[in-house]
Amino acid sequence: MRLVGATVAVAFSLSFQAVAAQSAPAPSSAPADAISRGVAAFTARDPATALREFEDALQVDSTNYQANWRAALALINLGMETPDAVKSPQRDSLYARAERYARRAVQADSTKADGYFILANVLGRTALTKGKSERIRLATQIRDASLRAIDLDPSHDGAYHVLGRWNAEIMRLSGLSRFLAKSFMGASVFKQASWDNAIANLERAVELDPKRIFHRLDLATIYADRKRYASARAQIDTLETLPIRDYLDPRYKEEAAALRQKIAGKKGDS
């Protein structure tokens, strides 16, 4: 996952809404006030400020579901500034913190989808920075969390994105790596991965949120992997017309332009 981004990664389909004020006392302000400020900062494409606000809320109530998953999302955005292939202890530390918050969110409320989506997202982002054996180790957790998010909210486009990227990243492994994972490392879940599933899940993410640039970029990339160059160009054409909405959207548009150049003149099945 480029994830994303994650993938699939993956900023994604999260409609940030202010949380109703809570009555519990706090040293300076109620957690809901800090969360509301964090939501506003995140919407304004300022994840660093958003993170500070969410962590302020967690100083008051470390089990707050909203503050945990939103803080994890802000950390993922900050971590994704560093490319997956670059060795970066700082980025790895951001992802480790995000995973802790995501797991706390799931523990705080296991009936809501966003916590599972964020957990799948950060595990996917982490996997992209690791070697093949670590990716294989994380594969089942990523898939399980994505599927749980979809079970809880069938309209969660971010979860479909992560699941689509999961399928694509498994299929991008060599045939030997997949065989060894299935046969000797206990990762029988790899049998569930396919290019068709990757495309279907990313297409569903686009259908659910057609204005999210990252969905279309990853779908275009998978189309290109399958030599469906016309389909890839169509996604790039559309995303180029979309307004900047998420923190990393400017970079995604640059990546889309680079992909267009890479597949220029190529002809495939469609």
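Residues numbered from 1 in each chain as written. Predicted model: local features only at pLDDT ≥ 70, side-chain atom pairs only at ≥ 80, totals over all residues. Heavy atoms only, no water.

Examining the overall build of the chain
Here's step 1: What the chain contains, in helices and strands, is twelve helices and zero strands.
Here's step 2: For the chain, the succession of helices and strands along the chain, N to C, is α-α-α-α-α-α-α-α-α-α-α-α.
Here's step 3: Classification of the 270 residues of the chain by burial places 53% in the buried group.
Here's step 4: For the chain, the exposed area adds up to about 11900 Å²; of that, 49% sits on carbon and sulfur atoms. (Helix = DSSP H or I, 4+ residues; strand = E, 2+ residues; numbered from the N terminus. Buried < 20%, exposed > 50% of the residue type's maximum accessible area, 1.4 Å probe, protein only. Areas by Shrake-Rupley, 256 points an atom, 1.4 Å probe, with all protein chains shown as cover.)

Side note on empty space enclosed by the protein
Over the atoms rolls a probe the size of a water molecule, and its path tells where empty space is left.
Here's step 1: Here the largest cavity defines a volume of roughly 140 Å³.
Here's step 2: Forming the boundary of the largest cavity are 13 residues, of which Ala127, Arg135, Ile142, Glu169 and Ile170 lie nearest the centre.
Here's step 3: When residues in the lining of the largest cavity are grouped by element, the largest group, four residues, is from helix α6 (residues 132-152).
Here's step 4: When the residues that make up the lining of the largest cavity are grouped by side-chain class, the tally is ten nonpolar, one polar and two charged. (1 Å grid on protein atoms, 1.4 Å probe; cavity = no way out; pocket = protein on both sides within 12 Å on 5 of 7 lines; lining within 4 Å. Points joined across faces, edges and corners; volume = space filled by probe spheres on them. Nonpolar A, V, L, I, M, F, W, Y, C, P; charged D, E, K, R; others polar.)

Focus: helix α3 (residues 65-79)
Here's step 1: In this model, α3 (15 residues) spans 21 Å end to end at C-alpha, consistent with the 21 Å of a helix rising 1.5 Å per residue.
Here's step 2: Burial within α3 is extensive, with 15 of its 15 residues counted as buried.
Here's step 3: Where α3 begins, the capping side chain belongs to Asn64, and its oxygen is found 3.1 Å from the backbone nitrogen of Gln66. (Expected span 1.5 Å × (residues − 1). Polar contact = N/O pair within 3.5 Å; in protein donor to acceptor, adjacent residues only side chain to side chain.)

Some remarks on helix α4 (residues 89-108)
Here's step 1: For α4, built from 20 residues, the straight-helix expectation of 28 Å at 1.5 Å per residue is met to within 8% by its first-to-last C-alpha distance of 28 Å.
Here's step 2: Those residues of α4 not exposed but buried are Arg91, Leu94, Tyr95, Ala98, Tyr101, Ala102, Ala105 and Val106. One side of α4 carries all its buried residues, which in axial view fall inside an arc of 140°. Opposite its buried face, α4 presents the exposed residues Pro89, Arg100 and Gln107, each directed more than 90 degrees away. (Arc of directions from axis to C-beta.)

So, the side chain of Ser146
Here's step 1: Looking at the secondary structure, you find Ser146 in helix α6.
Here's step 2: In this structure Ser146 comes out as buried when scored by relative accessible area, which is 1%.
Here's step 3: Excluding anything up to four places from it in sequence, Ser146 contacts Ala120, Ala159, Val162 and Leu163. (Contact = heavy atoms within 4.5 Å.)

Comments concerning the packing of aromatic side chains
Here's step 1: For the structure shown, the criterion picks out one aromatic pair.
Here's step 2: Aromatic side chains Phe214 and Tyr252 sit 4.4 Å apart centroid to centroid with 10° between the ring planes, which places their arrangement in the stacked category. Placement of Phe214 in helix α10 (residues 213-225) and of Tyr252 in helix α12 (residues 249-262) is noted, with a sequence separation of 38 residues between them.
Here's step 3: On the basis of relative accessible area, Tyr252 is assigned to the buried category, the value being 3%.
Here's step 4: A cation over an aromatic ring shows up here: Arg204 above the ring of Tyr160, its NZ or CZ 5.8 Å from the ring centre. (Phe/Tyr/Trp six-rings, centres within 6.5 Å; stacked < 30°, edge-to-face > 60°. Lys NZ or Arg CZ within 6 Å of the ring centre and 35° of its normal.)

Points about the confidence of the model for the chain
Low-pLDDT stretches of the model should not have their predicted coordinates read in fine detail.
Here's step 1: In this model, the chain carries an average pLDDT of 87, and 83% of its residues clear a pLDDT of 70 or more.
Here's step 2: For residues 1-28, every residue scores under 50 in pLDDT, and the model assigns this stretch 128 contacts once sequence neighbours within four places are set aside. (pLDDT = per-residue confidence, 0-100.)

With respect to the packing of helix α2 (residues 47-60) against α3
Here's step 1: In the contact formed by α2 and α3, the axes pass within 9 Å of each other and the chain directions differ by 150°. Between α2 and α3, the interaxial angle falls into the category roughly antiparallel. Handedness of the crossing formed by α2 with α3: left-handed. Residues Pro47, Ala48, Leu51, Phe54, Ala57 and Leu58 of α2 form the contact with α3, whose own contacting residues are Ala67, Asn68, Arg70, Ala71, Ala74, Leu75, Asn77 and Leu78.
Here's step 2: Taken together, the residues of the contact of α2 with α3 sort by class into eleven nonpolar, two polar and one charged. (Axes fitted to C-alpha atoms, helices over the stretch in contact; angles between N-to-C directions. Parallel < 35°, antiparallel > 145°, perpendicular 65-115°, else oblique. Left-handed = near helix turned anticlockwise from the far one by under 90°.)

Remarks on the packing of α3 against helix α5 (residues 113-128)
Here's step 1: One can describe the packing of α3 onto α5 by two numbers: an axis separation of 10 Å at closest approach and a directional angle of 25°. Between α3 and α5, the angle falls in the class roughly parallel. Once α3 is placed against α5, the crossing between them reads as left-handed. Of the residues in α5, those in contact with Tyr65, Trp69, Ala72, Leu73 and Ile76 of α3 are Ala113, Asp114, Gly115, Ile118, Asn121, Val122 and Arg125.

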